[in-house]
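Inside the fold
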Amino acid sequence: AQTVTQSQPEMSVQEAETVTLSCTYDTSENNYYLFWYKQPPSRQMILVIRQEAYKQQNATENRFSVNFQKAAKSFSLKISDSQLGDTAMYFCAFMKHGVGAGSRLTFGEGTQLTVNP
Amino acid sequence: SAVISQKPSRDICQRGTSLTIQCQVDSQVTMMFWYRQQPGQSLTLIATANQGSEATYESGFVIDKFPISRPNLTFSTLTVSNMSPEDSSIYLCSVGNTWGGGEEKLFFGSGTQLSVL
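Cut-off values and rules
- Residues numbered from 1 in each chain as written.
- Chains lettered and ligands numbered in written order.
- Predicted model: local features only at pLDDT ≥ 70, side-chain atom pairs only at ≥ 80, totals over all residues.
- Heavy atoms only, no water.
- Disulfide = S-S within 2.5 Å.
- Helix = DSSP H or I, 4+ residues; strand = E, 2+ residues; numbered from the N terminus.
- Buried < 20%, exposed > 50% of the residue type's maximum accessible area, 1.4 Å probe, protein only.
- Polar contact = N/O pair within 3.5 Å; in protein donor to acceptor, adjacent residues only side chain to side chain.
- Pairing = 2+ DSSP bridges.
- Axes fitted to C-alpha atoms, helices over the stretch in contact; angles between N-to-C directions.
- Phe/Tyr/Trp six-rings, centres within 6.5 Å; stacked < 30°, edge-to-face > 60°.

The next point concerns the state of the cysteines. The full count for this structure, using the stated rule, is two disulfides over all chains. Of all cysteine sulfurs, the one in Cys23(B) lies closest to Cys13(B), which takes part in no disulfide; the gap is 18 Å.

Another aspect to go through is the side chain of Arg50(A). Residues and elements named next belong to chain A. Along the chain, Arg-50 falls in strand β6 (residues 46-52). In this structure Arg-50 comes out as buried when scored by relative accessible area, which is 9%. A distance of 2.7 Å separates polar atoms of two side chains, one belonging to Arg-50 and the other to Glu-52.

All names here are of chain B. The strand order β1-β3-β8-β7 describes an open sheet built from four strands, whose pairing is antiparallel. Edge positions in the open sheet fall to β1 (4-7) and β7 (68-72), since each of these has one partner strand only. Direction aside, neighbouring strands of the sheet carry axes that sit 15 degrees apart on average. The sheet contact formed by β1 and strand β3 (residues 19-25) spans four bridges and is antiparallel. Counted as the bridge partner of Lys-7 is Gln-22 from β3.

One pass over the structure, following the stated rule, counts 15 aromatic pairs over all chains. Judged by centre distance (5.7 Å) and plane angle (85 degrees), the rings of Phe107(A) and Tyr35(B) are edge-to-face. One end of the pair, Phe107(A), is in strand β11 (residues 105-107); the other, Tyr35(B), is in strand β4 (residues 31-37), on a second chain. Across the pair, exposure class does not vary: Phe107(A) and Tyr35(B) are buried alike.

Right under this line is the structure:
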């Protein structure tokens, strides 16, 4: 079974600054996906960024980037130029390779990020 | 991506009653899942909704309590039966597919906030 751990229950950052959220995971799989989801107070789960384990290059999406360290089983999220709208709960998630094979998400406990003006 | 409509968005129910939650997707998808998010907690998978066959339940969840239907590739329902206050949670529908370019992703509906009195 897979486990995902987010060791930072809460974090805060000043607007326009950079913040890094940590995530570690444990798996015996070699092929898998890792995700960061954002959940604002509206409850909507929004996909922020996605990383395939077989890709060495770190994924980036505009102000969001990851530091994927496969050997260390670490998957941190960096948010640059933080904006007030980034305030939300952030969940790290793991999925075995192959949606069609019946894979689904295993979530970490979440990190509540607050961006201060 | 997919547009996922989840209804109702919230409800307040009496103990002992049942509530059916609907999840409608604007395109055919391979996988549909139901998650529960208890207050202040992360997401836990309830079951995988299988088209044309019985749902696959995770440990700790049973069909009598959470019956699920999936009559086609765009629609699923989750029923929370014989509710108690412990069932007060957010229930989220998630869909998975290969969204072009070989990328597999999972997206979420906006969730149903259930309160049981």
